[in-house]
Amino acid sequence: MEYVATLAFAKEQDRQDPLNKFREQFYFPQRKGKDAIYLCGNSLGLQPKNVKSAIEQELADWQQCAVEGYWAAKNPWLYYQQYCSQPLTGMMGASRQELTVMNTLTVNLHLMMLSFYRPTKQRFKVLMEAGAFPSDQYAVETQVRFHGFDPETAIIEVSPRAGEQLIRLEDILDIINKESDSLALVLFGGINYYTGQYFDIPAITAAAHKAGAYAGFDLAHVAGNIPVSLHNWDVDFAVWCSYKYLNGGPGAVGGAFVHEKHASDRGFLRLGGWWGNEESARFKMEKGFVPKKEAEGWQQSTAQVFNMVSLKASLELFEAAGIGALREKSQGLTNYLEFLLQQLKGINFEIITPKNCNERGAQLSLLFLEKGKEIHQQMTDAGIIVDWREPGVIRVSPAPMYNSYQDVFHFYEIIANIASNA
């Protein structure tokens, strides 16, 4: 497409956009009496307007049914996690057997590592990307210590080459091959939170399996952003949050995928809990944990209704929009954003996210070599909401469910004005 740096072009793109109607289904923060330019869905998605009535429904059922709400509520609470997991199967490329929602991301990561990281004296190392989100780093570090190993020798990090910002796939595969005798687990973020780089999940998974290791992924920045095929790619496990692109609300319930070859194996090691026990025997109150033959076998406790209800409401919009159409629009928005940023003069930054739109999601990371925080504050003062990540990145993320080409153009206009006054 031939892009044009004009408001008229942006308006025409929005007019042709079949998803533009979904913008009206969300609340935007207000700045000086008008909608903020919200390009921060990679950190926290906006509130869908149908969330309030969804919460009120559960409050009413709790009021009117009390404990009988588990089977008599409009949405019986006994099965509440399934109201969220079913719509996620398509975008994550999983069967119902392989996917569940529960807990939060890092809790789920720990639970999965207790199942899939079982080090031996010979095979004990974990491979991950350098600069992974701190919570992942902490989880891996403490899991390694929990098993009696030294993080300095048990954790291998793949870094960008000198002078580069992105990690090359060939370097990841080379290290997996070299460490094949000692590697227990390959654990990558699907998208690196800082650079926005989308990793080649099927290639990394295949290499890990060839080396005799499990392959797991933190898909916090993938879920609701890029459609994936976890089952077909033979991924062993994955975890994610739902408060970013999925718009589930602050601290909303996390998600987990376990490939059916593991999920269907009741003998596969996991920590037990009441909600993970076989449903037919759950209320017999007997000793002996018999896990469900599915990802729900990793569940611990009763479904967190009020931590799931907002996600349930948001997923209704995802089902109506379609993840394929959202991805197509997302690529259009980021391509247009990249084009506009390339028109800027007098401001010193570098786009460190991959140029190929198939190697990134909805986020572009702008690395400022000077005055980055000052520029971020000027953006904030001008009604833009984006986020700053140390040591020098402003992350800009037009979410296709509710952002428009006009949002992207107005962002560019404001940055151009900041540059001209610098």
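Residues numbered from 1 in each chain as written. Predicted model: local features only at pLDDT ≥ 70, side-chain atom pairs only at ≥ 80, totals over all residues. Heavy atoms only, no water.

Engineer: Can you walk me through the environment of Ile172 in this structure?
Structural biologist: Summarising the element assignment, Ile172 is placed in helix 8 (residues 169–178). With near-sequence residues (within four places) excluded, Ile172 lies in contact with Leu127, Val158, Ile167, Phe188, Phe199 and Ile204. (Helix = DSSP H or I, 4+ residues; strand = E, 2+ residues; numbered from the N terminus. Contact = heavy atoms within 4.5 Å.)

Engineer: Just checking my understanding: could you explain the sheet that holds strand 7 (residues 125–129) for this structure?
Structural biologist: Sheet strands pair via backbone hydrogen bonds, and the direction of the pair is either parallel or antiparallel. One open sheet accounts for seven strands, arranged 6-12-11-10-9-7-8; its pairing is mixed. In this open sheet, the two strands that pair with only one neighbour each are strand 6 (99–102) and strand 8 (155–158). Averaged over neighbouring strand pairs, the angle between their axes works out to 20° when direction is ignored. The pairing of strand 6 with strand 12 (residues 254–258) spans four bridges and is classified as antiparallel. For Met102, the partnering residue across the bridge sits in strand 12 and is Gly254. The sheet strands contacting helix 6 (residues 134–146) are strand 7, strand 8, strand 9 (183–189) and strand 10 (214–218), and the helix crosses strand 7 at an angle near 170°. In this fold helix 8 packs onto strand 7, strand 8 and strand 9, with an angle of close to 155° to the strand it touches most, strand 8. (Pairing = 2+ DSSP bridges. Axes fitted to C-alpha atoms, helices over the stretch in contact; angles between N-to-C directions.)

Engineer: Even after reading the chapter, I still don't get the environment of Gly255, so can you show me in this structure?
Structural biologist: Of note, Gly255 is situated in strand 12. For Gly255, a relative accessible area of 0% gives the class buried. In this structure, the C-alpha to C-alpha distance between Gly255 and Tyr214, residues 41 residues apart in sequence, is 19 Å. Once residues lying within four places of it in the same chain are set aside, the contact partners of Gly255 are Thr100, Val101, Met102, Asn108, Ala238, Val239 and Trp240. (Buried < 20%, exposed > 50% of the residue type's maximum accessible area, 1.4 Å probe, protein only.)

Engineer: Even after reading the chapter, I still don't get empty space enclosed by the protein, so can you show me in this structure?
Structural biologist: The gaps left among the atoms become clear once a water-sized probe is rolled over them. Under the counting rule described, the total for this entry stands at one cavity of 30 Å³ or more. Taken as a whole, the largest cavity encloses approximately 40 Å³ of empty space. Across the lining of the largest cavity, the residue classes break down as seven nonpolar, two polar and no charged. Two domains each provide a minimum of three residues to the lining of the largest cavity, namely domain 1 (7–47 + 323–420) and domain 2 (55–319). (1 Å grid on protein atoms, 1.4 Å probe; cavity = no way out; pocket = protein on both sides within 12 Å on 5 of 7 lines; lining within 4 Å. Points joined across faces, edges and corners; volume = space filled by probe spheres on them. Nonpolar A, V, L, I, M, F, W, Y, C, P; charged D, E, K, R; others polar. Domains from an automatic or database assignment.)

Engineer: For this particular structure, what's the right way to read helix 6?
Structural biologist: Three- or four-residue spacings in an α-helix give side chains the same orientation, since the helix completes a turn every 3.6 residues. When the terminal C-alpha atoms of helix 6 are compared, their 18 Å separation across 13 residues agrees well with the 18 Å that a helix rising 1.5 Å per residue should span. Every buried residue of helix 6 is listed here: Ser135, Asp136, Ala139, Val140, Gln143 and Val144. Across the axial projection of helix 6, the buried residues extend over an arc of 165°, all falling on one side. The inward-facing, buried residues of helix 6 abut helix 5 (105–116), strand 7, helix 7 (151–154), strand 8, strand 9 and strand 10. In the stretch just after helix 6, Gly148 is the one whose phi turns positive, near 85°. (Expected span 1.5 Å × (residues − 1). Arc of directions from axis to C-beta.)

As far as function goes, none of this settles anything; it's purely spatial.
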